[in-house]
Structure formats: structure tokens, C-alpha cells
Amino acid sequence: MKPFHFLADARAPMPARALAERARHAEAVGYHAFAIPDHVMDQMSPVPAMAAFAAVTERLRVMPFVLNNDLRHPAVVAQDLASIDVLSEGRLDVAIGAGWNRAEYDALGIAFVPQRVRSERLAEAVAVLKGCFGDGPFSFEGRYYSIHEHDGGPKPAQRPHPPLMIGGGGRRTLTLAAREAQIVGLAPRHAGLRDAYSITWEAAVEKVGWVREAAGERFDSLTLNIYPTAIEPIITDDARGEARRVAELLAPTSTAPLTEDQVLDSPHLFIGSLAGLEEKFLRLREELGISSIMVGEPGPLDPIVERLAGT
């Protein structure tokens, strides 16, 4: 089994001094990486925030979680990310997805095309990123991107490129991740959590099966990631009571409301005591092979991270 890697994140805009305190705290506790989501809303932009994290830490890795491919040209993204990798002396994880939040697309006047098209565009973007990270000039001619003898620079410190994470919930994107990434992010299947079934244990089993099938011999080398969705982690001694409340909260998003057991079992819902959640993380690794876990803001789950990180 792979060792546990725990990821923390920061969303709210804050001065560099406060950001530095959080990053140093995460490093001291044993978090693997500090991440910034990529949304056009009231939060920090991931690229300058990652640079700030890297400047005040020595071991902590930095990453977006995850970049929306549709917001930027991949050659520009490659330059930004390679610069972060150089600045951090090789502590960048590249994480990218096809985009899902339609409200942001509508606000910016970007066409929210079908998921199939967004996944196809993501596949081309991954090829462009790898080409930019590679040695010497390269050309690429796709349906969505066209590159002509471009020698992307700077080159990342990590060769041939930083670890690549592709996150998604549909079979098409997870197949791409299985074939091209080192880290596979398991996300809810539908944009906006349109069906709560997509966060159940059963859905995660199905997704891991898709990844295994597409990866073939690569599967054992892949790291699988999960993250909480819909609600932040809830530390409580009344897990079933909270599960009932969450089930009611999610009921409008599902054709079949989740049971208490489905809520408690969900890989995307962290509800319970610290001891109970530690047991859940061990089960996620043992039964699903998930060893990379985003826990959100550092603090509430620090005791678990201190015990399990790297083991």
C-alpha cells in the first residue's frame, strides 16, 4: 500500500503573513501539499498563492486543486507552472481538470460546452503541457490547440515533468487520467452534484474500476486521490445524527435520497470522531487503494495527519 499523503487548502484571500503562517503550520504537521482551488470567485488566484507557499516552506509541496483547463491556454499554464517548480526547487504537483462550474462560465461569457468536448480539450491540453515541459521545441496540431515549433520555458526542475494529477468524475476524464497522469483525482460524476449517488462508496468503486481498466499495467504505479465535497469535514461524536442532517441537505440533489449509512460510508463526506475518521481513511486505502486525501483547511484533522502521514 502507498503511504498516506494529506493535502490542505486555503481559499479566503489573506495577507502574505497569514498565508505563510498556515503554510508553515501545514508543513510542521506533516501535510504533503498545500493547495489552492481554481475558481473565479472570492478567493486567491492559484499561481501567486503557490509562489507564496513555496517561498516560506522547505518541504511542503504546492499545487492547484485543480486548474480549470478552459480558463487559460495550456502553453501559458505550462510557463506559470514551470516557473513555480523552479522557484520551489521541484515541489510542484500539477493538477488539472476539464472544468465543471457552469456559473463561472456564464459569468465570464465562456461557452459551457458538453462534457465530452471539455474532456477532449483537456486531453489536448495535457499533450501541450508535456510538450512545453519537454526538451527542445515541439509542434502540436489538434482540434482545439495548435502549437508550432514552440520551445516552452522555463523548463521545470522536475524531469521529465512534475507529477501530473488529473481530476474528474466521468469515465472519459478518468480514462485520460489513468493513461496520462501519476495521480488520479476521483470527483463526483456530475457538475454541481446533480445526483448524490455520485459521492457514494459504490460510485467510487465503479470509478476505480474504470481507472484500473484504462490504466492496465500502469495501475499499480498510480496514486488515487479523494476529497470532501458538499460539506466541510464534521468532527462529532454523533455521527448518525449528522448523517441524517446531511442526507436531508443532499436530498434535493438526488433521485434517490442517500441513507445514513451511505452518507457515513461516502468517500467524499468526512463525518465522525477523529478515531472514526482515521478508521475510515485506513479503509479507503485498504479497500479502494486511495492514499491521497484532501482534508480542506488545516486544523480540524491535524491529529490524524500527524499520526498517518507518510505511513
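Our subject is the structure that appears above.
Let me sum up the structure you'll find in this document. (Residues numbered from 1 in each chain as written. Predicted model: local features only at pLDDT ≥ 70, side-chain atom pairs only at ≥ 80, totals over all residues. Heavy atoms only, no water.)

Let us now look at unusual backbone geometry. Each neighbour pair has its own omega, and for Phe65 with Val66 the value is -15 degrees, a cis peptide bond. The step from Arg159 to Pro160 runs through a cis peptide bond, and the omega angle for that step is 5 degrees. Residue placement: Pro160 occurs in the loop between β7 (146–150) and β8 (164–168). In this model, Glu89 sits at a positive phi of 60 degrees, which is unusual for a non-glycine residue. Its place among the elements puts Glu89 in the loop between α3 (74–87) and β5 (94–97). Judged by relative accessible area, which is 71%, Glu89 ranks as exposed. (Helix = DSSP H or I, 4+ residues; strand = E, 2+ residues; numbered from the N terminus. Buried < 20%, exposed > 50% of the residue type's maximum accessible area, 1.4 Å probe, protein only.)

Our focus in this paragraph is helix α6 (residues 171–180). For α6, the set of buried residues is Thr173, Leu174, Thr175, Leu176, Ala177 and Ala178. The inward-facing, buried residues of α6 contact α5 (115–133), β8, β9 (183–186) and α7 (201–215). (Contact = heavy atoms within 4.5 Å.)

The next thing to look at is the packing of α6 against α7. Taken N-terminus to C-terminus, the directions of α6 and α7 make an angle of 45 degrees; their axes are 8 Å apart at the nearest point. When the axis of α6 is compared with that of α7, the two are oblique. Here α6 runs over α7; the crossing is right-handed. When α6 is examined against α7, the residues Arg171, Leu174, Thr175, Ala178 and Arg179 are found in contact with a partner set consisting of Lys207, Trp210, Val211, Glu213, Ala214 and Ala215. For the contact of α6 with α7, the class distribution of residues is 6 nonpolar, 1 polar and 4 charged. (Axes fitted to C-alpha atoms, helices over the stretch in contact; angles between N-to-C directions. Parallel < 35°, antiparallel > 145°, perpendicular 65-115°, else oblique. Left-handed = near helix turned anticlockwise from the far one by under 90°. Nonpolar A, V, L, I, M, F, W, Y, C, P; charged D, E, K, R; others polar.)

Moving on to α7. A rise of 1.5 Å per residue sets the reference length of α7, with its 15 residues, at 21 Å; its end C-alpha atoms lie 21 Å apart and thus fit the reference within 8%. Taken residue by residue, α7 has Trp201, Ala203, Ala204, Lys207, Val208, Trp210, Val211, Ala214 and Ala215 as its buried positions. Once α7 ends, the next one or two residues include Gly216, with phi positive near 60 degrees. (Expected span 1.5 Å × (residues − 1).)

Inspection of every chain in the model, using the stated rule, returns 19 salt bridges. The partner of Arg159 in a salt bridge is Asp135, with the nearest N and O atoms 2.7 Å apart. Placement of Arg159 in the loop between β7 and β8 and of Asp135 in the loop between α5 and β6 (138–141) is noted, with a sequence separation of 24 residues between them. With a relative accessible area of 69%, Asp135 lands in the exposed category. One salt bridge in this structure joins Glu287 and Arg283, with 3.3 Å as the shortest N-O distance. With Glu287 and Arg283 both in helix α10 (residues 274–288) and 4 residues apart, the pair spans about one turn of that helix. For Glu287, a relative accessible area of 48% corresponds to the partly exposed category. (Salt bridge = Lys/Arg side-chain N within 4 Å of Asp/Glu carboxyl O.)

Moving on, we come to the side chain of Asn225. When you line up the elements, Asn225 lands in strand β10 (residues 223–226). Overall, Asn225 belongs to the buried group, its relative accessible area being 0%. A distance of 2.9 Å separates a polar atom in the side chain of Asn225 from a polar atom in the side chain of Ser292. Among all residues touching Asn225, those that are not within four sequence positions of it are Leu7, Phe65, Met165, Ile183, Val184, Gly185, Leu186, Ile290, Ser292, Ile293 and Met294. (Polar contact = N/O pair within 3.5 Å; in protein donor to acceptor, adjacent residues only side chain to side chain.)

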